[in-house]
Every structure is written in C-alpha cells, then in structure tokens.
Amino acid sequence: MIDDSLLAILVCPADRGPLLLIDDELLYNPRLRRAYRIEDGIPVLLVDEARDVDDDEHARLMARARPADPR
C-alpha cells in the first residue's frame, strides 16, 4: 500500500506530473495514458517499464483512481 504522503510527491518520470493510484496495483498518468506497476509495494517508475493504455482501459482506470491528497 502506498501512503498518501508518498503518493503526493511521486511524479511521472516522463512528464514530471502527478500520478493516480489505482487500487494499490499501479500508478497511472492519465495525461500520457501510461501505467506504472507496483511490485511488492514498490512503484516501478521507469519509462521503459511503463505500458500504454487504450481508451477503454483509460475509462476503467479513471473510474477506479485515487488522486494524491494535497495537504
């Protein structure tokens, strides 16, 4: 599980923008439609390891997304 304070500072390595947490399974950049996996609670934020997301999956991910909690 990714803590809210960690989620608030994590950014996409490609565009340096905020990421959305999807069910503690992956981090998602909706601007670039790129998904980063989480392995054993550790985000794998490598551009080469991210996967592209199509329109249908984007809609599903956005429905499940949890944004960072700005404090």
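Residues numbered from 1 in each chain as written. Predicted model: local features only at pLDDT ≥ 70, side-chain atom pairs only at ≥ 80, totals over all residues. Heavy atoms only, no water.

- An unreviewed UniProt entry annotates the protein chain as UPF0434 protein BN000_03167 originating from Mycobacterium europaeum.
- Per UniProt, the comment on the protein chain under Sequence similarities (unreviewed entry) is "Belongs to the UPF0434 family." (UniProt positions renumbered as here; feature names shortened; annotations may be inferred.)

Focus: the side chain of Arg34
Here's step 1: Of note, Arg34 is situated in strand E3 (residues 34-39).
Here's step 2: Judged by relative accessible area, which is 16%, Arg34 ranks as buried.
Here's step 3: Only 3.5 Å separates the side chain of Arg34 from the backbone oxygen of Ala50, close enough to count as a polar contact.
Here's step 4: If sequence neighbours within four positions are ignored, Arg34 has contacts with Leu27, Tyr28, Asn29, Val47, Ala50, Arg51 and Asp52. (Helix = DSSP H or I, 4+ residues; strand = E, 2+ residues; numbered from the N terminus. Buried < 20%, exposed > 50% of the residue type's maximum accessible area, 1.4 Å probe, protein only. Polar contact = N/O pair within 3.5 Å; in protein donor to acceptor, adjacent residues only side chain to side chain. Contact = heavy atoms within 4.5 Å.)

Observations regarding the environment of Arg37
Here's step 1: Topologically, Arg37 is positioned in strand E3.
Here's step 2: A sequence separation of twelve residues divides Arg37 from Glu49, and the C-alpha atoms of the two residues are 8.2 Å apart.
Here's step 3: Sequence-distant contacts of Arg37, that is, excluding residues within four places in its chain, are made with Glu25, Leu26, Ile42, Pro43, Val44 and Glu49.
Here's step 4: A polar atom in the side chain of Arg37 sits 2.5 Å from the side chain of Glu39.
Here's step 5: Among the polar contacts made by the side chain of Arg37, one reaches the side chain of Glu49 at a distance of 2.9 Å.

A few points about the pairing of strand E2 (residues 26-29)
Here's step 1: Where burial is concerned, the two faces of E2 agree: the one with Leu26 and Tyr28 and the one with Leu27 and Asn29 are both buried.
Here's step 2: The sheet contact formed by strand E1 (residues 20-22) and E2 spans three bridges and is antiparallel. Looking at E2, one finds that Leu21 is bridged to Leu27.
Here's step 3: The antiparallel hairpin formed by E1 and E2 contains three residues in its connecting segment, where Asp23 sits at a positive phi of about 50 degrees.
Here's step 4: The sheet contact formed by E2 and E3 spans four bridges and is antiparallel. In the sheet register, Tyr28 faces E3, and the bridge partner there is Ala35.
Here's step 5: If you look at the hairpin formed by E2 and E3, you'll find four residues sitting between the two strands, and Arg33 has a positive phi there, around 55 degrees. (Pairing = 2+ DSSP bridges.)

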